[in-house]
Amino acid sequence: MHQKQNCNHFNYLISCIQSDSKQQPRMSDNSVIAYLSAHGIKASVQRIAVMRYLMEHHTHPCVEEIHGALQGKIPTLSKTTVYNTLRLLVEQEAARMITIDERTTKYDANCSRHAHFLCSACNSIVDITLPEEPTLQQPPQGYILHETQIYYRGLCPQCARKARLQTENLNQ
């Protein structure tokens, strides 16, 4: 009986998470669970919710954004649980931690080879596609490389356009 209640509670929470579809198309439960399982992660309501949020929101969210978005759907979700879930996702290579912004750690479900661009005006972070095998300087002999992250900083097209218009208006 107790196990059936837990199963019903699990299904209820998952249905609540699925009912809000403002961003990207919904990832099915089976897709998220299979992804977690493929990375050696046991599925739980919280882990599914956090992973689904990362997969559906390509905004490179921080802990606070994820917690704020999911808290209404899972009232018992603590910020500590979000931190711990993200740590596990990164350790199991199901997500990437992005430290392009010195103030805030961001997260990305896209673990394919790509770079990130941070707009210094609006603080948006976007993915930049890289060639299959970018030419990078290899570490000296004896070092073992675990990860490479490439970051660009500058102005996104919208902010660059605004900056050009401001400069043109000043020069008139």
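Residues numbered from 1 in each chain as written. Predicted model: local features only at pLDDT ≥ 70, side-chain atom pairs only at ≥ 80, totals over all residues. Heavy atoms only, no water.

## Here we look at the environment of T104
Structurally, the position occupied by T104 is in the loop between β1 (96-98) and β2 (106-108). We classify T104 as partly exposed; its relative accessible area is 23%. Along the backbone, T104 and E64 are 40 residues apart, and their C-alpha atoms lie at a distance of 9.8 Å. Filtering out sequence-adjacent residues up to four positions away, T104 remains in contact with C62 and I98. (Helix = DSSP H or I, 4+ residues; strand = E, 2+ residues; numbered from the N terminus. Buried < 20%, exposed > 50% of the residue type's maximum accessible area, 1.4 Å probe, protein only. Contact = heavy atoms within 4.5 Å.)

## Structural notes on unusual backbone geometry
With the exception of glycine, the majority of residues adopt a negative phi angle, and the majority of peptide bonds are in the trans configuration. Phi is positive for H60, close to 55 degrees, though the residue is something other than glycine. You will see that E93, though not glycine, has its phi angle at about 60 degrees, which is positive. Within the secondary structure, E93 sits in the loop between α5 (79-91) and β1.

## A word on the sheet that holds strand β4 (residues 125-129)
Spatial strand order, β4-β3-β5: 3 strands in an open sheet with mixed pairing. Edge strands, defined here as strands with exactly one partner in the open sheet, are β4 and β5 (151-154). Direction aside, neighbouring strands of the sheet carry axes that sit 30 degrees apart on average. Alignment of strand β3 (residues 114-119) against β4, held across 5 bridges, turns out to be antiparallel. Considered in β4, the bridge of L118 is made with I125. (Pairing = 2+ DSSP bridges. Axes fitted to C-alpha atoms, helices over the stretch in contact; angles between N-to-C directions.)

## Brief notes about the nonpolar core
By size, the foremost hydrophobic cluster in this structure holds 24 residues, and its most contacted members are L36, M51, L54, I66, L70, L86 and L89. When residues of this core are traced back to their parent elements, those giving at least two are α2 (29-38), α3 (45-56), α4 (63-71) and α5. The leading source of residues in this core is α3, at 8 residues. When residues no more than four places from it in sequence are discounted, the contact partners of M51 are V32, Y35, L36, L89, A94 and A109. (Core = buried A, V, L, I, M, F, W, Y, C linked by side-chain atoms within 4.5 Å.)

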